[in-house]
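Chain by chain, the residues:
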Amino acid sequence: MDSPDADGLLAEQLLRLTRRLHRIQKRHLVPIGVTPAQSRLLRTLVQYDTPPRMADLAQHLEVVPRAVTSLVDALEASDHVRRVPDPANRRVIRIELTDTGRKALRELRSARRAAAEDILAPLDAEQREQLGGLLNALFDVPEGRRC
């Protein structure tokens, strides 16, 4: 009988962990009224000095522009963001946070910390540090070897 494929098992564990993270994060986001994807877009908005264009958001989030349009539509309907004309080019639309969106971001920070504590609870400080180092090693892949 063949021994299990160790890399395949690790990949499966990472996938299971990702699904678990998603479930926990989603549970913490429900009271705020945003989805994980909407949360990511809100967190991305604050990284810009001036309100970005939807194309900028799509590029940053590595999604198709249509996906950003759907997210912005939903966030605009819930008053988290608003579309504003670019002062230099009225044909260009930019996306900015509203007061409701800024409040949601503060709540999101707390929700993310709570979700992280839920998922990391079994690990002590040293194990968390080791995990961080291992995850960084997986992210710091040379450009030619990335997916």
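Residues numbered from 1 in each chain as written. Predicted model: local features only at pLDDT ≥ 70, side-chain atom pairs only at ≥ 80, totals over all residues. Heavy atoms only, no water.

(A) Layout of the side chain of Asp86. Along the chain, Asp86 turns up in the loop between strand E1 (81-85) and strand E2 (93-97). For Asp86, a relative accessible area of 8% corresponds to the buried category. Here the side chain of Asp86 touches Asn89 through a polar contact of 3.2 Å, landing on its backbone nitrogen. At 2.5 Å, the side chain of Asp86 and the side chain of Arg94 are in polar contact. Ignoring anything within four residues of it in the chain, the contact list for Asp86 reads Val92 and Arg94. (Helix = DSSP H or I, 4+ residues; strand = E, 2+ residues; numbered from the N terminus. Buried < 20%, exposed > 50% of the residue type's maximum accessible area, 1.4 Å probe, protein only. Polar contact = N/O pair within 3.5 Å; in protein donor to acceptor, adjacent residues only side chain to side chain. Contact = heavy atoms within 4.5 Å.)

(B) Quick look at unusual backbone geometry. Even without being glycine, Glu62 reaches a positive phi, approximately 60°. Here Glu62 shows up in the loop between helix H3 (54-61) and helix H4 (65-77). When its relative accessible area of 72% is taken as the criterion, Glu62 is described as exposed. We note that Asp79 has phi near 65°; this positive angle belongs to a residue other than glycine. Relative to the helices and strands, Asp79 resides in the loop between H4 and E1. Owing to a relative accessible area of 40%, Asp79 belongs among the partly exposed residues under this scheme.

(C) Layout of a nonpolar patch on the surface. A cluster of nonpolar side chains, namely Leu14, Leu17, Leu21, Leu135, Leu138 and Phe139, defines an oily patch on the protein surface of about 550 Å² accessible area. Contributing elements (two or more residues each) for the nonpolar patch: helix H1 (6-29) and helix H6 (125-139). Mapped onto the secondary structure, Leu17 falls in helix H1. (Patch = residues over 30% accessible without salt bridge, like charges linked within 9 Å, V, L, I, M, F, W, Y side chains within 5 Å. Areas by Shrake-Rupley, 256 points an atom, 1.4 Å probe, with all protein chains shown as cover. Salt bridge = Lys/Arg side-chain N within 4 Å of Asp/Glu carboxyl O.)

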